[in-house]
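In case you want the letters, here they are:
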Amino acid sequence: MDIQLTITKDLLREYFRHLFPLDAKGRYLIDRSSDLGKAICSFVRYTEVKPERDPQALQLLLPKTDSLKNAPNYHLYFSREDLLRINDLVEVFFHIDFDRFYLKGRKLGMMQKDIIESFIVSRKLTNLLQDNETLKKREYREGLRLLQLRCKTLINKAYYRHEKIELGMQNILVN
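Going along each chain's sequence as written, the residues are numbered from 1 onward. Only residues with pLDDT of at least 70 get local features here, since the model is predicted, and only at 80 or more are side-chain atom pairs given and counted; chain-wide, interface and lining totals rely on the full set of residues. As a rule here, side-chain values cover all heavy atoms of the structure and leave hydrogens and water aside.

A. Main features of the sheet that holds strand β4 (residues 58–61). One requirement defines pairing of two strands: DSSP has to find at least two bridges between them. A run of H or I in DSSP becomes a helix once it reaches four residues, and a run of E becomes a strand once it reaches two; helices and strands are each numbered from the N terminus. What the three strands build is an open sheet, ordered β1-β4-β2; its pairing is mixed. Because the sheet does not close on itself, it has two edges, and the strands there are β1 (2–5) and β2 (28–29). Relative to β4, β2 runs parallel, the two being bridged by two bridges. Looking at the pairing, Tyr28 lines up with Leu60 of β4. Note on contacts: a residue pair qualifies if any of its non-hydrogen atoms lie within 4.5 Å across the two residues. A fitted line through C-alpha atoms serves as each axis, taken over the contacting stretch for helices, and the angle formed by two N-to-C directions is quoted from 0 to 180°. Here helix α1 (residues 10–19) sits on the sheet in contact with β1, β2 and β4, set at roughly 25 degrees to β4.

Spelled out as structure tokens, the structure:
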């Protein structure tokens, strides 16, 4: 059961290659044993009319499962909205995977550069070997966002304590 999937970002296309193996015909073998595989299968739609071929799209081979038991009788496709959702899901899986890998590396005392290079090599993201700045910038922005969040929390805590002290002093002076 073939279907085509357009993934818009090059990085995510490469990451998709890490997640799902290719068969002899160059199709990605989608497996329902993974969460992303289940999600992809859940977005499949049926049509009587054969969809147009997109030369940029990835070709997928879906598993034969109960959730797709009527699929062999129809042509399969993803709607435009479903493609956007799947792209978002692949990006979310990528970010979660990278964050977990990065945190494990930091716990082991590894340097940022070494962690990022290890992630790139282990996930076979060959296009990023020369330009790993994308992941470095992402990690920097995430760190900056967390720092701003902590700063805001501390400011709120200090404000709350200040107000409590001021009100406490007024209550003492009034009584």
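B. Geometry of the confidence of the model for the chain. The quantity called pLDDT is the predictor's confidence in a given residue, expressed from 0 to 100. Residues with a pLDDT of 70 or more make up 89% of the chain, whose mean pLDDT is 85. Per-residue pLDDT, averaged within each element of the chain, yields its smallest value for helix α5 (residues 133–174) (74) and its largest for β2 (95).

C. Spatial organisation of the environment of Asp10. Checked against the element boundaries, Asp10 lands in helix α1. The rule is simple: take the accessible area with a 1.4 Å probe, protein chains only, and divide by the maximum for that residue type; under 20% is buried, over 50% is exposed, in between is partly exposed. Looking at Asp10, the relative accessible area reads 57%, which means it is exposed.

D. Region of interest: the pattern of salt bridges. One side-chain nitrogen of Lys or Arg within 4 Å of one carboxyl oxygen of Asp or Glu is enough to make a salt bridge. Following the criterion strictly, the structure yields six salt bridges and no others. Between Arg45 and Asp82 there is a salt bridge whose closest N-O contact spans 2.6 Å. Here Arg45, found in strand β3 (residues 45–47), pairs with Asp82, found in helix α3 (residues 80–107); they are 37 residues apart in sequence, far enough to count as distant. Overall, the relative accessible area of 36% leaves Arg45 in the partly exposed class. Overall, Asp82 belongs to the buried group, its relative accessible area being 2%. Beyond isolated ion pairs, a larger network of salt bridges with shared partners links Asp2, Asp23 and Arg27.

E. Up close: the packing of α1 against α3. Following both chains from N to C, one finds α1 and α3 inclined at 75 degrees, their axes separated by 10 Å at the closest point. As judged from the angle between their axes, α1 and α3 are roughly perpendicular. Residues Leu11, Leu12, Tyr15 and Phe16 of α1 form the contact with α3, whose own contacting residues are Asn87, Val90, Glu91, Phe93, Phe94 and Asp97. Basically, the charged four are Asp, Glu, Lys and Arg, the nonpolar ten are Ala, Val, Leu, Ile, Met, Phe, Trp, Tyr, Cys and Pro, and anything else, Gly included, counts as polar. Considered class by class, the residues forming the contact of α1 with α3 number seven nonpolar, one polar and two charged. Any angle that falls under 35 degrees is termed roughly parallel, while one over 145 is termed roughly antiparallel, one within 65 to 115 roughly perpendicular, and all others oblique.

F. Region of interest: helix α4 (residues 112–122). Of all the positions in α4, only Ile115, Ile116, Phe119 and Ile120 are classed as buried. Down the axis, α4 shows its buried residues gathered within 130 degrees of arc, on one side only. Immediately beyond the C-terminal end of α4, within one or two residues, lies Lys124, with a positive phi of roughly 55 degrees. Directions drawn from the helix axis to the C-beta atoms are what define this arc.

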